[in-house]
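Single-letter residue listing:
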Amino acid sequence: MGRTFTLLMSGVLAAAALVHGLSPVALAKGEQAGRITVFDGARILDGNGGAAIETGRLVIENGRISAVGTQSAVALPPGATRVDAAGKTIMPAMINVHAHMGYEAYSSWGARNHTAANLLDHLQREAFYGVVAATSVGSSPTEMSLQFQRDQQAGKSAPAARYLFMPGMAPPNGGPDHILREATNELRVINEVMTPEQARAAVRRMADQGIRHVKMWVDDRGGTYPKLTPDVYTAIVQEAHARKMTVHAHAIQLADQKAVVAAGADVLVHMVQNVALDDEYQALLREKKPYWATVITLGDPVEVCNDDAFFAEAMPAAVVARIRANKERVGLTAHCAAPSPNAPNREKTLAQNFPLMIAAGVKLVLATDTGIHPGHTFGSGEHVELARWVQLGLPPAQAIVAATKTPAELMGLDDLGTLATGKRASFIVLNANPLDNIRNTRTIADVYLDGVKFDREAVRRKWREQR
Ligand SMILES: [Zn+2]
C-alpha cells in the first residue's frame, strides 16, 4: 500500500520481540521514542459527534496524540514521518463495556478454557476489529483478572485490546443464563449475596482491591431464578457509590428497570423488550440519565448466516459451517434458523422504546454480550450493534460517540475515547466513511493501539492455522 513507515516497523519489531520473549510493548515504545508520525489527509471523526474534520492531520508522538485538526490548522512537525491517509476516514478505536471473555475456544466452550492465553486471544480478536478496550462483566475470576491487568499494564503480554473486568453479584443460584452459570459456578466467580450486609461486605472487598465497577443480576429469567431483592440491590448501589464505584444492572422487566434506576444504578444492561415504556419510566430516566448498554444483538451470529466475510475472517471455518448448518433455535446458541414467531413483536417494541430511551437522555454505550454462549466471535458484534442503533434511528455520528467517547467516560478511561491532544493514539483507519453508511465501520484498513499498528495479518494467520 506504500504507507505507514515507523509504525509498521514498530509492529514488526514487536512481533519479533515476542518470538524472542522480550517485552513487545517496551520495545515498541523504545523504537518510537522521540519519533513523530503524522497521518495526513484523512477525514477525522474525533469521537465528539460534531462535523468531521475534512483533510485532517493527526500528529502522534510517543504513542499519544500531540495535535489534531485540519491540515491548514496543524503544522507539519519537522522530521516527522508522514503517512498519506488521503481518502481514508480515521475514528477512535471502540470500547466495549459488556462482554463475557475467557470461555469460548471455538472447538469447545467452558470453564477449563478460561486461561490468560485464551483471554488474550479474545482481546486480540477485539483489537482486530478496532476495539481498544473490552470489558468482561461479572463472569471472570477476580484474582486472575487483576493479575492479567497487571501483566498487560507492565507490557508483558502481546498487543491486544485493554482488558477491563468487573465482578458480578446475584442471589444464590441466580444470575446469568444457565450455560454461563455453569461455567461461572465451576470457577466460583459470582458473589452470591442474600442480605444487605453480605452485599455491602462484598462491595467493600471489591473496592479494597481497587475495582471500580460491579455488575448485579436482578432478573428472575421468567420466574425460573431467584430475583435479587430491592433491599439487597439498594445496599449494593449505596455501598458502591460510597466507594466511588458504578453499578451495572441486568434488569430487563419494566418494573425492575424502573426500580433499579430509582435505586441509583448507573448502567442499564439490555432493554425492555416486551412492553412499551410508560410515562413514569421516561420521567425517571430524564431525571437520572443512566448509561445504557443496549446489547441488542448478542454479537449477532445471524449475520454469519449471510456469508459475510467480515465475520468469517476471525472465526474458524468449522464454527462458521456449524452455525450455518444449525437451523434450530435452542436458547442462545448461534443458529441460522428462521426468525422466531415473536421476532416482529420484539422488533416493534424495540423500534418504539429505543427512540424513547434516547429522547429521555440516557447515555448510550457500546456492549455486545459476546462470549455468553458458544459460537460468538469477539469484536465483530460491536459493528453489528452500531448498525442496529442506526437502523433504529440514531444518527451515525451519535452511534460513533456511543462506541468511543461515552464508554471511555463510563469506564474511567481518561486517555481514550476521542482523538484529542494528550489522548492515546488508539484509532481505526477506515476505507470508507461511516457517516455515509454506518456499515462502513467494517471497512477496516488498519488498527492502531497506542500509536502502534496492530498486526491484523499475524493474528489472522494464527486463527487460520487453528482451523
Ligand atoms: Zn451479559
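Only a predicted model underlies this, so the values are computations on that prediction, with no experimental measurement involved. (Residues numbered from 1 in each chain as written. Predicted model: local features only at pLDDT ≥ 70, side-chain atom pairs only at ≥ 80, totals over all residues. Heavy atoms only, no water.)

*Asks:* I tried to follow the coordination of the zinc ion on my own but got confused; where do I start?
*Replies:* Six octahedral donors around a metal ideally sit at 90 or 180 degrees from one another, while four tetrahedral donors ideally sit at 109.5 degrees. Every protein donor of the zinc ion is accounted for by His-98 (NE2), His-100 (NE2) and Asp-369 (OD), and the metal-donor separations fall at 2.1 Å. Summarised as a motif, the one-chain spacing of the donors to the zinc ion is H-x1-H-x268-D. The exposure classification of His-98 matches that of His-100, with both residues buried. (Donors = N, O, S within 2.8 Å, 3.2 Å for Na, K, Ca; no water. Buried < 20%, exposed > 50% of the residue type's maximum accessible area, 1.4 Å probe, protein only.)

*Asks:* Please explain the packing of helix α7 (residues 230-242) against helix α8 (residues 254-263) as it appears in this structure.
*Replies:* Packed helices, taken two at a time, are described by the angle their axes make and the gap between the axes. Packing of α7 against α8 brings their axes to within 9 Å, and their N-to-C directions diverge by 35 degrees. In this structure, α7 crosses over α8, and the sense of that crossing is right-handed. For the pair α7 and α8, contact is made by Tyr-233, Thr-234 and Val-237 and by Ala-259, Val-260 and Ala-263, respectively. (Axes fitted to C-alpha atoms, helices over the stretch in contact; angles between N-to-C directions. Helix = DSSP H or I, 4+ residues; strand = E, 2+ residues; numbered from the N terminus. Left-handed = near helix turned anticlockwise from the far one by under 90°. Contact = heavy atoms within 4.5 Å.)

*Asks:* Before we go on, may I ask you to explain unusual backbone geometry in this structure?
*Replies:* Note: most peptide bonds trans; most residues except glycine with negative phi. Of note, Val-295 is a non-glycine position whose phi angle comes to about 50 degrees, a positive value. On the secondary structure map, Val-295 appears in the loop between β15 (291-293) and α10 (309-312). A positive phi is found at Asp-450, a non-glycine position, where the angle reads about 50 degrees. Inspection of the secondary structure puts Asp-450 in the loop between β18 (444-449) and β19 (452-453).

*Asks:* Would you take a moment to explain the sheet that holds β19 for this structure?
*Replies:* Strands pair in a sheet through their backbones, by hydrogen bonds, and they do so in one of two ways: parallel or antiparallel. Pairing is mixed in the open sheet, where five strands are placed in the order β2-β6-β17-β18-β19. Either end of the sheet is taken by a strand with one partner, and the two such strands are β2 (43-44) and β19. (Pairing = 2+ DSSP bridges.)

*Asks:* What's the story with the confidence of the model for the chain in this structure? I'm lost.
*Replies:* Should pLDDT be low for a region, the predicted coordinates there are not to be read in detail. Per-residue confidence for the chain gives a mean pLDDT of 90; residues scoring 70 or more make up 92%. Of the regions scoring below 50 in pLDDT, residues 1-33 engages in 53 contacts with residues more than four places distant in sequence or in other chains. (pLDDT = per-residue confidence, 0-100.)

*Asks:* Got a minute to help me understand helix α9 (residues 279-288) in this structure?
*Replies:* The α-helix advances 3.6 residues per turn, and as a result positions three or four apart in sequence lie on the same side. For α9, every residue scored as buried is listed here: Tyr-281, Gln-282, Leu-284 and Leu-285. Along the axis of α9, the buried positions cluster into a sector of 160 degrees, meaning they face one direction only. For α9, the exposed residues lying more than 90 degrees away from the buried face are Asp-279, Glu-280 and Glu-287. At its buried positions, α9 is contacted by α8, β14 (267-269) and α12 (343-359). Immediately beyond the C-terminal end of α9, within one or two residues, lies Lys-289, with a positive phi of roughly 45 degrees. (Arc of directions from axis to C-beta.)

*Asks:* How do you make sense of the pairing of strand β13 (residues 246-250) when you look at a structure like this?
*Replies:* Side chains on a regular strand alternate between the two faces of the sheet. Within β13, five of the five residues are buried, leaving the element largely enclosed by the surrounding structure. Residues Thr-246, His-248 and His-250 of β13 are buried on one face, and the alternating residues Val-247 and Ala-249, pointing to the opposite face, are buried as well. Note that strand β12 (residues 213-217) and β13 share five bridges and pair parallel. Each bridged residue has a counterpart across the sheet, and for Val-214 the counterpart in β13 is Val-247. Strand direction decides the pairing type here: β13 and β14, joined by three bridges, are parallel. The residue bridging His-248 from the neighbouring strand is Val-267, located in β14.

*Asks:* Any chance you could explain the nonpolar core here in plain terms?
*Replies:* Generally speaking, nonpolar side chains in soluble globular proteins are found buried as a group. With 114 residues, the main nonpolar core has Leu-123, Met-169, Met-216, Ile-236, Val-260, Tyr-281 and Trp-389 as its most contacted residues. Counting residues per element, this core draws most heavily on α7, which supplies six residues. Residue contacts for Val-260: discarding those within four places in its chain leaves Met-216, Val-218, Tyr-233, Ala-249, Ala-251, Ala-265 and Leu-268. Ile-44, Ile-60, Ala-85 and Ile-90 belong to the second-largest nonpolar core, a separate cluster that totals 16 residues. (Core = buried A, V, L, I, M, F, W, Y, C linked by side-chain atoms within 4.5 Å.)

*Asks:* Hey, could you run me through the sheet that holds strand β9 (residues 162-166) in this one?
*Replies:* On the basis of which strands lie adjacent, the open sheet formed by three strands has the order β7-β8-β9 and parallel pairing. A strand with exactly one partner marks an edge of an open sheet, and here the two such strands are β7 (94-99) and β9. For this sheet, the mean angle separating the axes of adjacent strands, direction not counted, is 20 degrees. Summarising the sheet, strand β8 (residues 131-137) and β9 pair through five bridges and their orientation is parallel. Paired with Ala-133 across the two strands is Arg-162, which belongs to β9.

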